[in-house]
Amino acid sequence: MATPGKDYVIGKGRLFFDRFLVGTKTPTGEHYFGNTPELSTSQDESTLDHYDADAGLNVKDESVTTEKNNTGSFVTDNIEPGNIVLWYGGDSTSATITAATGVVETHTVPKRGVYIQLGATQALPSGARNVDNVVVKIGATTVTAANNYDVDLALGRVFIEPDGPGITDGAVLEFTFDIDAGVRKVIVGKGTEIRGALRFISANPVGSQKDYFWPYVKLTANGDFSLKGDEWQQIPFSFEVLKRDANTEMVYIDDRTGSAA
């Protein structure tokens, strides 16, 4: 137990978020963010002041709080699908890919030296993966791959060589290819508002243990999510504490250090 007047704390702990179903306050289970190097909260208030101006200098004789905002922010370096889903306000789906043979697509090459993505559909606009048996034609003439194009079968991409003798700028290419069966995990960013409950369970190496629970928050992306660099990737979030209902307060803090009275 900390010495009275000397509860010095080094903050550590785990952060969880219970996302509510869209348009409701129905929980779906707590998601662990993983390692969170930073977590902070802040408050600010707006007041309406009153001054007695009957004589002499105006003297403030009343101040009423008219608005109070509770907010916070945190960073996670656990770059897993669940956190990316929350960042983009979307959801994650497992797309079942049915094997297809002899898929035909036509692409116009504005100029050589470009990449062409195969298999883009309305359902999967990012294109096909794991393709095979790619054949390229111009009209009825089959174009050989050597010196003309290179295929990345795993990503379903075709690079048109910049000086390929069998393909000219502006050529209309017909691609025929197969798609292997499989399952793809796809995260779809929709910009949906993310609301739910936030919980912090402390694991402080020094000082008392206090757990924080915010019953209703709005979670939003906050700042930059660097996809490339020389540092560990981090996803920054901010949250706004909201009033869930008339019977629920904004935050609950459980002190696990002290004993019950």
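Our structure is the block above this text.
In this report, the structure presented in the accompanying data block is examined. (Residues numbered from 1 in each chain as written. Predicted model: local features only at pLDDT ≥ 70, side-chain atom pairs only at ≥ 80, totals over all residues. Heavy atoms only, no water.)

1. Overview of the sheet that holds strand β7 (residues 115-117)
Strand order in the open sheet made by the three strands is β7-β11-β10, with antiparallel pairing throughout. Two strands bound the open sheet, and with one partner strand each, they are β7 and β10 (149-152). Averaged over all pairs of adjacent strands, the angle between strand axes in this sheet comes to 20 degrees, irrespective of strand direction. Inspection of the sheet shows β7 paired to strand β11 (residues 157-160) by three bridges, in the antiparallel sense. Of the residues in β11, the one forming a bridge with I116 is V158. (Pairing = 2+ DSSP bridges. Helix = DSSP H or I, 4+ residues; strand = E, 2+ residues; numbered from the N terminus. Axes fitted to C-alpha atoms, helices over the stretch in contact; angles between N-to-C directions.)

2. As for the sheet that holds strand β6 (residues 100-108)
Read across the sheet, four strands follow the order β6-β12-β8-β9 without closing on themselves; strand pairing throughout is antiparallel. Whereas interior strands pair on both sides, the edge strands pair on one side only; in this sheet they are β6 and β9 (141-143). Averaged over all neighbouring strand pairs, the angle between strand axes comes to 30 degrees, with direction disregarded.

3. Brief notes about unusual backbone geometry
Despite not being glycine, N130 has its phi angle at roughly 55 degrees, a positive value. The exposure class assigned to N130 is partly exposed, which follows from its relative accessible area of 42%. The backbone phi angle of N133 is positive, close to 50 degrees, even though this residue is not glycine. Its location among the elements puts N133 in strand β8 (residues 131-138). Owing to a relative accessible area of 49%, N133 belongs among the partly exposed residues under this scheme. (Buried < 20%, exposed > 50% of the residue type's maximum accessible area, 1.4 Å probe, protein only.)

4. Let's talk about the packing of aromatic side chains
Per the counting criterion, the structure on display carries 13 aromatic pairs. Here the aromatic rings of F17 and F33 are separated by 6.4 Å at their centres, their planes lie at 40 degrees, and the arrangement is tilted. Of the two residues, F17 is situated in strand β1 (residues 13-20) and F33 in the loop between β2 (27-32) and β3 (38-52); the sequence distance between them amounts to 16 residues. According to the relative accessible area criterion, F33 is buried, its value standing at 0%. For the pair F74 and F239, a centre-to-centre distance of 6.3 Å together with 40 degrees between the ring planes defines the contact as tilted. In this pair, F74 is assigned in strand β4 (residues 59-76) and F239 in strand β16 (residues 235-241), connecting sequence segments 165 residues apart. Classification of F74 by relative accessible area gives buried; the value is 2%. Among the aromatic residues, those joined into a ring-pair cluster are F17, F33, F74, W87, Y88, Y212, W214, F225, F237 and F239. (Phe/Tyr/Trp six-rings, centres within 6.5 Å; stacked < 30°, edge-to-face > 60°.)

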